[in-house]
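# Descriptive analysis of the structure
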Amino acid sequence: MKQIITGADLRRMIISAAAAIEINKQALNELNVFPVPDGDTGTNMSMTINAAAGDLRKAEDPNLSQASKVAASAMLRGARGNSGVILSLLFRGISKKLKGAETCDGVLWAAALQEGVDAAYKAVMKPAEGTILTVARLAAAKAGEASQENNFIEFVQEAAIAEAKAALADTVNQNPVLKKAGVVDAGGKGWVVALEAMLSALRGEDVVAPEAESAAEVKESADFSDFKTEDITFSYCTEFIISRENDKDPEQLRAFLSTLGDCLVLVDDDEIIKVHVHTNDPGTALHEAINYGSFVTVKIENMRLQHTEKIMTESEKAPKIAEPEKPLGVVSVCAGAGLADVFTNLGVDAIISGGQTMNPSTQDILEAVNRVPAETVFVLPNNKNIIMAAEQVDALTPKHVVVIPSKTVPQGVTAMLSFNPEGTAEENTGALTEALGTVDTMQITYAARNSDFDGYDIHEGDYLALYGSALFGTSHDIRVLLKSLAEKVRDEGKEYVTIYYGADVKEKHAQKAADIFADICPNADVNLLSGGQPVYYYLISAE
């Protein structure tokens, strides 16, 4: 049984956890009981932790503190969706507790797990029981008890997993929606998967994702920033193929070229000789080579020049923080060219492509914020599963970031109508936040899975209507839902209706939808716009 871990061990543990979550990604997605297409817990957790796995693979022999810091930093920036953000916070707490440590025993690991739980609960405004938070909290508490009994980290991890599994099973009873559907919490299940994979790595049984079974299959980008141009000994990468036309021994060519440079590779068969060599004198290499036959191909590249260009390119990719040219700016998340135009016309400075089924990461939002030449940048997430990722940005940039918790695109549009670029940050924070409650949002999409939800017998492919965040109705006929929503708008006395039709809706069909609202709501001003959004056939706002 393993007593302590080092940086190398933690590195393997996290990479193993990332692989396990990737393998189980779809199974976690399918635990989502709400039948609408979603950003999906499994996908978000996988993308978040795999950001850490990618950086850890590049890290050369990190110590324990470094490995935990690399993982936490990568996950913070790569966090997607609420489940991804919470996962990143769990590892941020672990990193905080392991800071400065060279090894970790059971007692320290239990404390690190608890620090992760504390970080996650602190960040969630209204923690709900029966979620990943519950599973992580109870697992950490059991780990603390176990560490007092036996200080071996493997023993502590085993105890944490046993408790996490029991807590996961109980999420069915803690959440009425989960109980009705008969499934456990997806985020909690993801944390159990991660804990189990880390234990497997502790035991030398690393979990490996199918697409990363060999190092050759892992696509990584080398970091050239610490490598200086003057460190290149031989300037020219010289490659050529010769068609063999005599009996001269290629080994003689190998011996000659080895005196001219390094990184020599020479292979031959009965027809050709293929050479790769780094040298300062490619002319001499080619002059000697022609004695063995005719050139089929020749390629010579200046590696000093390539390296300089590479550094410049990497520098261009580095995060740029725009100097403030104005006091206030706005970033908005949306999907669809039409919606992007709407926000741009309302004064939004930067658009992040994303929303349902494609939650942008904290890094995506950070980069957009940094591009805005303003001191204070407001962020409109326009999706409840993006708010937490957006809230992590303020700590990562010198700009002041204010997240307006818009849960839908119509809320974001209404907020922008209240935006006053001449006002103060405090005034706009109040106005934009208050505006969110003045608009009702309706959405029509499709059922991604069969479900018995909230009294509705839903079949995959059915049309679904949402009013606010609640399921409003389901039908095989989209016109039935449009009429029901229009009647609701009429009964609520709404005066302004805007219908954004999606990428999969033809304009003539969208016009018929607008006509339905105009006929049923004669006292309302009905507007039709092309949103171009995926997933949702219609986004409808009513004020």
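In what follows, the structure referred to is the one given above.
Residues numbered from 1 in each chain as written. Predicted model: local features only at pLDDT ≥ 70, side-chain atom pairs only at ≥ 80, totals over all residues. Heavy atoms only, no water.

### Looking at the packing of aromatic side chains
- Tallying each qualifying case throughout the model produces six aromatic pairs.
- Consider the rings of Tyr 463 and Tyr 537, whose centres lie 5.6 Å apart with planes at 65 degrees: the pair is edge-to-face. Pair noted here: Tyr 463 is in strand S12 (residues 463-467) and Tyr 537 is in the loop between strand S15 (525-530) and strand S16 (538-542), with a separation of 74 residues, a long-range link.
- Feature note: the residues Tyr 446, Tyr 463 and Tyr 537 constitute an aromatic cluster, connected by ring pairs.
- We note Lys 248 situated over the ring of Tyr 292; from NZ or CZ to the ring centre the distance is 5.1 Å. (Phe/Tyr/Trp six-rings, centres within 6.5 Å; stacked < 30°, edge-to-face > 60°. Helix = DSSP H or I, 4+ residues; strand = E, 2+ residues; numbered from the N terminus. Lys NZ or Arg CZ within 6 Å of the ring centre and 35° of its normal.)

### Quick notes on the packing of helix H11 (residues 250-257) against helix H12 (residues 282-289)
- Where H11 meets H12, the axes come as close as 11 Å, and the angle between the chain directions of the two elements is 165 degrees. Regarding the angle of H11 to H12, the classification is roughly antiparallel. In the crossing of H11 with H12, the sense of the turn from one axis to the other is right-handed. On H12, the residues touching Leu 253, Phe 256 and Leu 257 of H11 are Thr 284, Ala 285, Glu 288 and Ala 289.
- Grouping the constituent residues of the contact of H11 with H12 by class yields five nonpolar, one polar and one charged. (Axes fitted to C-alpha atoms, helices over the stretch in contact; angles between N-to-C directions. Parallel < 35°, antiparallel > 145°, perpendicular 65-115°, else oblique. Left-handed = near helix turned anticlockwise from the far one by under 90°. Contact = heavy atoms within 4.5 Å. Nonpolar A, V, L, I, M, F, W, Y, C, P; charged D, E, K, R; others polar.)

### Remarks on helix H6 (residues 106-123)
- Between its terminal C-alpha atoms H6 stretches 26 Å, which fits the 26 Å expected from 18 residues at 1.5 Å a residue.
- Here H6 has its buried residues at Gly 106, Leu 108, Trp 109, Ala 110, Ala 112, Leu 113, Glu 115, Gly 116, Val 117, Ala 120 and Tyr 121.
- For H6, the elements touching its buried residues are helix H1 (7-23), helix H5 (81-98), helix H7 (132-149), helix H8 (153-174) and helix H10 (186-202). (Expected span 1.5 Å × (residues − 1). Buried < 20%, exposed > 50% of the residue type's maximum accessible area, 1.4 Å probe, protein only.)

### Some points on the sheet that holds strand S4 (residues 293-302)
- Taken in spatial order, the four strands line up as S2-S3-S1-S4 in an open sheet, and their pairing is antiparallel. Whereas interior strands pair on both sides, the edge strands pair on one side only; in this sheet they are strand S2 (261-268) and S4. Ignoring strand direction, the axes of neighbouring strands in this sheet form an average angle of 10 degrees.
- Inspection of the sheet shows S2 paired to strand S3 (residues 272-279) by six bridges, in the antiparallel sense. Bridge pairing in S3 links Val 265 to His 276. (Pairing = 2+ DSSP bridges.)

### Quick word on the nonpolar core
- Residues Trp 109 and Trp 191 are the most contacted members of the largest nonpolar core, which totals 90 residues.
- Top contributing element to this core by residue count: H10, with eleven residues.
- Those residues in contact with Trp 109 that sit more than four places away from it in its chain are Leu 10, Met 13, Ile 94, Leu 98, Cys 104, Ile 153, Val 156, Gln 157 and Met 198.
- Formed by 30 residues, the second largest nonpolar core is a distinct cluster that contains Ala 340, Val 342, Phe 378 and Leu 539. (Core = buried A, V, L, I, M, F, W, Y, C linked by side-chain atoms within 4.5 Å.)

### Here's the deal with the pattern of salt bridges
- Scanning the entire structure with this criterion turns up 18 salt bridges.
- One salt bridge connects Asp 206 with Arg 12, and the closest N-O pair in it is separated by 2.8 Å. Taken together, the residues span a long stretch of sequence, with Asp 206 in the loop between H10 and strand S1 (236-244) and Arg 12 in helix H1 at a distance of 194 residues.
- For Arg 12, a relative accessible area of 28% translates into the label partly exposed.
- Glu 492 is paired through a salt bridge with Lys 488; the nearest N and O atoms lie 3.3 Å apart. Here Lys 488 and Glu 492 lie together in helix H19 (residues 478-492), a separation of four residues that amounts to about one turn.
- Note on Lys 488: relative accessible area 28%, which makes it partly exposed.
- What you see here is one network of salt bridges that share partners, running through Lys 2, Asp 9, Arg 12 and Asp 206. (Salt bridge = Lys/Arg side-chain N within 4 Å of Asp/Glu carboxyl O.)

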